[in-house]
Amino acid sequence: MQKRLVKSSDKMITGVLGGLANYFGWDPTIVRIGYAALTIFTGIAPGALVYLVALVVMPND
């Protein structure tokens with residue numbers, strides 16, 4: 001069976017980062033912390049835009 005990138009039911013807000021962590025086999029907490037740090041250090045707008053695009057594009061599990 002092929003792996004699919006879908007929103008996770010293990011979610012804090014919408015499941016986008018949890019789904020990304022599940023797809024790659026990473027710890028969801030580490031992915032969330034890394035995303036927050038990357039968003040803060042690169043500016044809020046690019047990180048928010050990427051998250052919103054992923055929210056719209058990724059299907060539910």
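Provided above is the structure to which this section pertains.
Small disclaimer: the values here were computed from a predicted structure and weren't measured.

### Let's talk about the overall build of the protein chain
Here is step 1: Along the backbone of the protein chain there are three helices and zero strands.
Here is step 2: Counting from the amino terminus, the protein chain carries its helices and strands in the arrangement α-α-α.
Here is step 3: Relative to a compact globule of 61 residues, whose C-alpha radius of gyration would be 10 Å, the protein chain shows 11 Å and is just as compact.
Here is step 4: Viewed in the frame of its principal axes, the protein chain has a C-alpha envelope of about 40 × 25 × 20 Å.
Here is step 5: For the protein chain, the proportion of contacts with a sequence separation of at least 24, taken over those separated by at least 6, is 45%.
Here is step 6: By element, 70% of the accessible surface of the protein chain is carried by carbon and sulfur atoms, the whole surface being about 4,500 Å².

### Brief notes about the packing of aromatic side chains
Two numbers describe a pair of aromatic rings. These are the distance of the centres and the angle of the planes.
Here is step 1: All told, the structure shown has three aromatic pairs when counted by the stated rule.
Here is step 2: Ring centres of Y23 and F24 lie 5.1 Å apart, and the angle between their planes is 90 degrees; on these two criteria the pair is classed as edge-to-face.
Here is step 3: Taking 5.8 Å as the distance between ring centres and 45 degrees as the angle between the ring planes, the aromatic pair formed by Y35 and Y51 counts as tilted. Of this pair, Y35 sits in helix α2 (residues 28-42) while Y51 sits in helix α3 (residues 44-57), and the two are 16 residues apart along the sequence.
Here is step 4: By relative accessible area, Y35 is classed as partly exposed at 23%.
Here is step 5: Following the ring pairs from residue to residue traces out a cluster consisting of Y23, F24 and W26.

Analysis parameters
- Residues numbered from 1 in each chain as written.
- Predicted model: local features only at pLDDT ≥ 70, side-chain atom pairs only at ≥ 80, totals over all residues.
- Heavy atoms only, no water.
- Helix = DSSP H or I, 4+ residues; strand = E, 2+ residues; numbered from the N terminus.
- Rg over C-alpha atoms; globule rule 2.2 N^0.38 Å.
- Contact = heavy atoms within 4.5 Å.
- Areas by Shrake-Rupley, 256 points an atom, 1.4 Å probe, with all protein chains shown as cover.
- Phe/Tyr/Trp six-rings, centres within 6.5 Å; stacked < 30°, edge-to-face > 60°.
- Buried < 20%, exposed > 50% of the residue type's maximum accessible area, 1.4 Å probe, protein only.

From the geometry alone we can't say anything about function, so treat these as descriptive.
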